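So the chains spell out like this:
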There are 2 protein chains.
Amino acid sequence: MTSLALSPDVAASVLAEQQEAYAALQARDLSLDVTRGKPSPEQLDLSNALLALPGEGNVRDGGTDTRNYGGLMGSAALREIFAELLNVPVGQLLAGGNGSLTLMHNALTFATLFGVPGGERPWAKEETVRFVCPVPGYDRHFVLCEELGIEMITVPMTPEGPDAEAVAELVASDPTIKGMWVVPTHSNPDGATVSDDVARRLVSMPTAAPDFRIMWDNAYAVHHLTDVETPSADALGLAAEAGNPDRVLLFASTSKITFAGAGVSFLGASPANLDWFTKHLGVQSIGPDKVNHLRHALFFGDADGVRAHMRQHAEIIAPKFEAVEQILTERLGGTGVAEWTTPTGGYFVSLDVVPGTAARVIALAKEAGIALTPAGSTYPYGKDPLDGNIRLAPTMPPLEDVKVAMDGVATCVLLAAAEAALA
Amino acid sequence: MTSLALSPDVAASVLAEQQEAYAALQARDLSLDVTRGKPSPEQLDLSNALLALPGEGNVRDGGTDTRNYGGLMGSAALREIFAELLNVPVGQLLAGGNGSLTLMHNALTFATLFGVPGGERPWAKEETVRFVCPVPGYDRHFVLCEELGIEMITVPMTPEGPDAEAVAELVASDPTIKGMWVVPTHSNPDGATVSDDVARRLVSMPTAAPDFRIMWDNAYAVHHLTDVETPSADALGLAAEAGNPDRVLLFASTSKITFAGAGVSFLGASPANLDWFTKHLGVQSIGPDKVNHLRHALFFGDADGVRAHMRQHAEIIAPKFEAVEQILTERLGGTGVAEWTTPTGGYFVSLDVVPGTAARVIALAKEAGIALTPAGSTYPYGKDPLDGNIRLAPTMPPLEDVKVAMDGVATCVLLAAAEAALA
């Protein structure tokens, strides 16, 4: 990655060429946004039947009146469907409100204020609490840590997930390291999926902290771009097998399956962790929106209903990812100034540019009316030490806009590389 | 209240009489539940149109696609409706998820971890944090305090709300007292509504703590049992007038307007408090369920739609409250062993029995198949110092069951009073 650079002997001609291209780009007066992993309106339309569900006659979920208070674990019918998809025993799966981020925040806040099973004290009573953050990663994870005063240490991502040896070495001797983030399937932003070997290593490695937790954010568990369904490692099962049943907290949601703002979230956990979580959750909630759970259960029917639904998503967004790949290859392939991922699922393409130019690329794009995720946002504290990584999010804009935006980004990448080579 | 007792000269005959009545009660093999303030199925049915809303074609709320991420303040259309009902400027009203308890928990957790505007440090960094709790009060408020290590000091309720002079005296000199609970309208459980005078006193009294907060839980703002709409004091407006704009955090929800488990919650606050709240809320949520907001906005149409809807609730539950009043009067009136409230709104009747017998009454009722709210639950830490208060919740069971339950409760009250007089 650090070897990305524009050859000095072509820099002058590339500069002239791309300055011209950039002027033409600016003249187009664009207003495009590829900043966030948001579903497009066409994707949201796939779930519009939810807007009239559960329907006037439908209020019962088994013996429960979904309209009334109660039921902290959420709808049994819905949990049954997602237990299969998430590889979590249904008794260990809780269904919550409209965002898994809230469940993650709850887990970390409970840990901070009250401690976790197996811990000696609330994390707030420790001198220092640190988390391992594989990079590039998801900015909202980092902000959660920052908010709660959890210091972040980075390890590199690999095509098989976090660099497990690097993690194991860190956590073996440092008891202040209380946990780590993992996006196990089609990770944000680089699209990697944790292999069984890496998963097994992470759940079985010795940790100096007795209350070490893996925040296993399986946000893209069923979000495949091709007909190949990349399976997720069975983190809870492997952790139990390894004698560390309480190490993993698994999170997921339908935010990118049904409605981003009106979906359902899930927490999978060991019995001890689930007791701990629901004990504290019960103080702040009399139960989740079970009508929305019923709505989702009726909409999907079963796990195969979810799988079929996700194939429809792929039909809409796969061409956008193909366009990104095609245009970046056409414009940047062989130039030596960029590398990027070709994900088989998820919501992002991770683009590495000439070190020291990512912020410049993003600024150039912005001035040309193309909004990219802010520089550094794939790193803790918003600080990319190489200033080299850019997250591309092609799902939201129409296909034609994605093409125009990627072509514009390529111009900015080349222009910034030429500037850097000549600086 | 402390003067409640059975006259010794009738105790023996009452005992014999009520032992017989109690035996007959037990023989009926009842299974009745008047423990919690839950809406009845007939009340929930009033909102069944929500089950098919917003409808397949409806996804927009102004310029917003409600299905997608974002919009931390919630739906503008819905906030407009409830701004009028809650007497809060729409710009100062946030609409949230399915429970105001979660908003209250958030507020207290943010205060604990980060402090509040005007405070010197996070409450967790204080030696002691205490809250004033008017009693009898709402058990879930007390549990929130207990969870966060906030000590509770009680003051008595009056027919005009909390005893404001007692509160003012406590908070004037004790900087560890950081806040208080108020249920301003048709309070839980005694049905009192805070007068303008009391409200003015509470928002203007000098407090030793610079960051004192009133948790103004207006849970029953529009929940009137008669045609008289008891108005709520304008707490935010009065606080601003008094030069203490940040003192009040106002909470409300539609849990007892639409669906108890699938409604919408509200937070009303000063601009500074709202900035503080949304800054921390934004770390745990990308926005509330705006589809549910739109669903509610379409269902009500406007504030008058809510008012008309609440009159339908009153038609269902007012006869239940009348039955409680009638049976308690018939059975306990003039006996000197009980006093109770006759609320004009809300969800509860507060019943005071002979001191030292409340737990016994609840145990007797339980053995006869009538579940009452656990003894002590209207007091912090579940400890009613007089063992004299019982909360009755007549909304959930059918009218006939309410009648049977109240008759049974009256028997238990008399029996326990006779036992006590003869002990």
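About the criteria used
- Residues numbered from 1 in each chain as written.
- Chains lettered and ligands numbered in written order.
- Predicted model: local features only at pLDDT ≥ 70, side-chain atom pairs only at ≥ 80, totals over all residues.
- Heavy atoms only, no water.
- Buried < 20%, exposed > 50% of the residue type's maximum accessible area, 1.4 Å probe, protein only.
- Helix = DSSP H or I, 4+ residues; strand = E, 2+ residues; numbered from the N terminus.
- Pairing = 2+ DSSP bridges.
- Right-handed = clockwise from strand over helix to strand, strands pointing away.
- Domains from an automatic or database assignment.
- Contact = heavy atoms within 4.5 Å.
- Buried area = accessible area lost by both parts, 1.4 Å probe.
- Salt bridge = Lys/Arg side-chain N within 4 Å of Asp/Glu carboxyl O.
- Polar contact = N/O pair within 3.5 Å; in protein donor to acceptor, adjacent residues only side chain to side chain.

(A) Here's a closer look at the pairing of strand β9 (residues 213–217) of chain A. Residues and elements named next belong to chain A. A large share of β9 lies buried, amounting to 5 of its 5 residues. Residues R213, M215 and D217 of β9 are buried on one face, and the alternating residues I214 and W216, pointing to the opposite face, are buried as well. In this sheet, β9 lies alongside strand β8 (residues 177–182) in parallel orientation, the contact comprising 4 bridges. In the sheet register, M180 faces β9, and the bridge partner there is I214. Each parallel crossover has a hand, and for β8 linked through helix α7 (residues 196–204) to β9 it is right-handed. Of the strand pairs in this sheet, β9 and strand β10 (residues 248–253) are connected by 4 bridges, and their pairing is parallel. By the bridge assignment for β10, D217 is matched with F251. Taken together, β9, helix α8 (residues 235–241) and β10 form a β-α-β motif whose crossover is right-handed.

(B) A look at the domain arrangement of chain A. Residue and element names in this part refer to chain A. Along its sequence, chain A is organised into domain 1 (8–43 + 307–422) and domain 2 (60–302). The straight-line distance from the C-alpha centre of domain 1 to that of domain 2 is 30 Å. At the junction of the two partners, domain 1 supplies 28 residues and domain 2 supplies 34 residues. Both faces combined, the contact of domain 1 with domain 2 buries some 2600 Å², and carbon together with sulfur accounts for 60% of it. Considering only the side of domain 1, the residues that lose the most area to domain 2 are R307, M310 and Y381, jointly responsible for 23% of the buried surface there. The interface formed by domain 1 and domain 2 contains 4 salt bridges. R311 serves as the salt-bridge partner of E229, at 4.0 Å between the closest nitrogen and oxygen. Between the two partners, domain 1 and domain 2, sit 11 residue pairs in polar contact (both at pLDDT 80 or more).

(C) Just the environment of D163 of chain B, in detail. Residues and elements named next belong to chain B. Locating D163 in the fold gives a position in the loop between β7 (161–162) and α6 (164–173). Residues D163 and L50, 113 residues apart in the sequence, show an inter-C-alpha distance of 40 Å. Among residues more than four places away in sequence, those in contact with D163 are P156 and T158. There is a polar contact of 3.2 Å between the side chain of D163 and the backbone nitrogen of E165.

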